[in-house]
Amino acid sequence: IEQVIGEPVYVVGNSLGGFVALYFAACYPHLVKGVTLLNATPFWGFLPNPEKSPRLSKLFPWAGTFPLPPSVRKLTEFVWSKISDPES
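Residues numbered from 1 in each chain as written. Predicted model: local features only at pLDDT ≥ 70, side-chain atom pairs only at ≥ 80, totals over all residues. Heavy atoms only, no water.

**A closer look at the overall build of the chain**
Logical step 1: Looking only at helices and strands, the chain has 3 helices and 2 strands in total.
Logical step 2: Shown N-terminal to C-terminal, the secondary structure of the chain runs as helices and strands in the order β-α-β-α-α.
Logical step 3: Taken across its 88 residues, the chain has 16% of its residues classed as buried.
Logical step 4: Across the chain, every contact between residues at least 6 apart in sequence was considered, and the portion connecting residues at least 24 apart equals 33%.
Logical step 5: Carbon and sulfur atoms form 62% of the exposed surface of the chain, whose accessible area is close to 7500 Å². (Helix = DSSP H or I, 4+ residues; strand = E, 2+ residues; numbered from the N terminus. Buried < 20%, exposed > 50% of the residue type's maximum accessible area, 1.4 Å probe, protein only. Contact = heavy atoms within 4.5 Å. Areas by Shrake-Rupley, 256 points an atom, 1.4 Å probe, with all protein chains shown as cover.)

Set out below in structure tokens:
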């Protein structure tokens, strides 16, 4: 990026490439204007496993199924409004 393009760029990552894009941006923030993630793992992929963490999973009872419960939908809409804002 420094030698060929000469200025910060937008980085796009698809699926696992999203992790690579975020990792690159975190390591070299001076080279990145922004990051776009495509087909990234949804946040519910990181919900606690009820068998391994029964007490923690009670705090997050939603299992990632659809339709979204109203509380999760509100949270999702709030997060989307923040990350989709061009100024963020």
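On we go from here.
**Notes on the nonpolar core**
Logical step 1: The biggest cluster of nonpolar side chains holds 6 residues, and these are V9, V11, A21, A25, L31 and V32.
Logical step 2: Elements represented by at least two residues in this core include exactly β1 (9–14) and α1 (16–27). (Core = buried A, V, L, I, M, F, W, Y, C linked by side-chain atoms within 4.5 Å.)

**Regarding the packing of aromatic side chains**
Note on aromatic pairs: each is described by the distance of the centres and the angle between the planes.
Logical step 1: Under the definition given, this model contains 2 aromatic pairs.
Logical step 2: Ring centres of F24 and Y28 lie 5.1 Å apart, and the angle between their planes is 40°; this geometry places the pair in the tilted category.
Logical step 3: Using a relative accessible area of 41% as the deciding quantity, one classes Y28 as partly exposed. (Phe/Tyr/Trp six-rings, centres within 6.5 Å; stacked < 30°, edge-to-face > 60°.)

**Description of the pairing of β1**
Logical step 1: Going residue by residue along β1, you find V9, V11 and G13 tucked away on one face and Y10, V12 and N14 left uncovered on the opposite face.
Logical step 2: With 6 bridges joining them, β1 and strand β2 (residues 32–38) adopt parallel strand pairing. The partner of V11 across the bridge, within β2, is V35.
Logical step 3: Viewed along the sheet, the connection from β1 through α1 into β2 turns out right-handed. (Pairing = 2+ DSSP bridges. Right-handed = clockwise from strand over helix to strand, strands pointing away.)

**So, a nonpolar patch on the surface**
Logical step 1: A cluster of nonpolar side chains, namely L75, F78, V79, W80 and I83, defines an oily patch on the protein surface of about 550 Å² accessible area.
Logical step 2: Mapped onto the elements of the fold, L75 is located in helix α3 (residues 70–83). (Patch = residues over 30% accessible without salt bridge, like charges linked within 9 Å, V, L, I, M, F, W, Y side chains within 5 Å. Salt bridge = Lys/Arg side-chain N within 4 Å of Asp/Glu carboxyl O.)

**Some thoughts on the environment of K33**
Logical step 1: Looking at where K33 falls in the secondary structure, it is placed in strand β2.
Logical step 2: C-alpha separation for the pair K33 and V9, spaced 24 residues apart in sequence, amounts to 5.2 Å.
Logical step 3: Apart from residues no more than four positions distant in its own chain, K33 is found in contact with E7, P8, V9 and Y10.

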